[in-house]
Amino acid sequence: ANTTSDNIWDPPKNATHVWEVDFTKNSDNPKIKLLCRPMAPTGFNGLARFNDTILLATASFQDSIFAIDARTGRTWEAIKQESLMSSINGIKVSDNFVYWTANSALYRAQLYPNVTAGTGQLIFQGGAFDDFAIAPNGFALNSTYGSNYK
């Protein structure tokens, strides 16, 4: 997804664009295709794959997670947890959980097939979080904090 400081304040004229970049056939010259131009919201920050057709996007200005149907461009606010999503940033989906960073913290919530989520759970508070990765076997926080999550 792309938005810039030049276009973010003028929707729908300069709405967010969601692109597919396919490196599978040629890593030096990827195939690039516009998937959709959602008219709202502006300012997607992180993207994660929900399933083959739905992407989840953090919307930093709306403090929520939006769903995008990449086939149709339909976009809707899917997950909002007021106190846990202020300045939401990074997002990942793994093992039926959605993970996100906001407020200098890392959270997770159980993710349901209807593109909704359970109550958010604080995993770690402190530091400046942005994007993150989840290892294939889960991830472990620094042993100082004594927490392991999968």
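Structure: above.
Conventions we followed
Residues numbered from 1 in each chain as written. Predicted model: local features only at pLDDT ≥ 70, side-chain atom pairs only at ≥ 80, totals over all residues. Heavy atoms only, no water. Helix = DSSP H or I, 4+ residues; strand = E, 2+ residues; numbered from the N terminus. Buried < 20%, exposed > 50% of the residue type's maximum accessible area, 1.4 Å probe, protein only. Areas by Shrake-Rupley, 256 points an atom, 1.4 Å probe, with all protein chains shown as cover. Pairing = 2+ DSSP bridges. Axes fitted to C-alpha atoms, helices over the stretch in contact; angles between N-to-C directions. Contact = heavy atoms within 4.5 Å. Phe/Tyr/Trp six-rings, centres within 6.5 Å; stacked < 30°, edge-to-face > 60°. Lys NZ or Arg CZ within 6 Å of the ring centre and 35° of its normal. Core = buried A, V, L, I, M, F, W, Y, C linked by side-chain atoms within 4.5 Å.

A.B. asks: Which residues make up the overall build of the protein chain, and what values do they have?
C.D. replies: Tallying secondary structure elements over the protein chain gives zero helices and 13 strands in all. Burial status across the protein chain gives 41% buried among its 150 residues. With the model as given, the accessible surface of the protein chain reaches about 8500 Å², and the carbon-plus-sulfur share is 49%.

A.B. asks: Which residues make up the sheet that holds strand β6 (residues 75-79), and what values go with them?
C.D. replies: Pairing is antiparallel across the open sheet formed by four strands, whose spatial order is β3-β4-β5-β6. In this open sheet, the two strands that pair with only one neighbour each are β3 (44-49) and β6. Across the sheet, the axes of successive neighbouring strands diverge by a mean angle of 35°, strand direction being ignored. Across six bridges, strand β4 (residues 54-59) lies against strand β5 (residues 64-69) in antiparallel orientation.

A.B. asks: Run through the pairing of strand β7 (residues 91-94), naming residues and quoting values.
C.D. replies: Strand direction decides the pairing type here: β7 and strand β8 (residues 97-102), joined by four bridges, are antiparallel. Each residue of the ladder has a partner; that of Ser94, found in β8, is Phe97. Taken together, β7 and the strand that follows it, β8, pair antiparallel across an intervening segment of two residues, in which Asp95 is found at a positive phi of about 50°.

A.B. asks: Can you break down the side chain of Asn89 residue by residue, with the values?
C.D. replies: With respect to the helices and strands, Asn89 occurs in the loop between β6 and β7. Apart from the residues lying within four places of it in its own chain, the contact partners of Asn89 are Asn45, Gly46, Thr58, Thr101, Asp130 and Asp131.

A.B. asks: For the packing of aromatic side chains, give the residues involved together with the corresponding values.
C.D. replies: Two aromatic rings are characterised by how far apart their centres lie and by the angle between their planes. Tallied over the entire structure, the rule returns three aromatic pairs. Its guanidinium or amino end placed over the ring of Trp76, Arg74 lies 4.1 Å from that ring's centre, counting from NZ or CZ. The ring of Phe97 is capped by Arg108, whose NZ or CZ atom sits 4.1 Å from the centre of that ring.

A.B. asks: Help me get a handle on the environment of Arg71, residues and values and all.
C.D. replies: Along the polypeptide, Arg71 turns up in the loop between β5 and β6. Distance in space between the C-alpha atoms of Arg71 and Cys36 is 7.6 Å, their sequence separation being 35 residues.

A.B. asks: Before we move on, could you go through the nonpolar core and cite the residues and values that matter?
C.D. replies: Core analysis: the biggest nonpolar cluster contains 20 residues, and Leu56, Ile65, Ile79, Val98, Trp100 and Val115 have the highest contact counts within it. Looking at this core, the elements that each hand over two or more residues are β4, β5, β6, β8 and β9 (105-112). Top element by residues in this core is β9. It accounts for four residues. What Ile65 contacts, discounting residues up to four positions off in sequence, is Leu56, Ala57, Thr58, Trp76, Glu77, Ala78, Ile79, Met85, Ile88, Ile91, Val98 and Trp100. If you look at the next biggest cluster of nonpolar residues, it comprises eight residues, including Val18, Cys36, Phe44 and Ile68.

A.B. asks: An account of unusual backbone geometry is needed here, citing residue identities and associated values.
C.D. replies: Not every positive phi belongs to a glycine, and Ser87 is a case in point at roughly 60°. Note that Ser87 resides in the loop between β6 and β7. For Ser104, which is not a glycine, the phi torsion comes out positive at approximately 60°.

Honestly, it's all geometry; don't read function into it.
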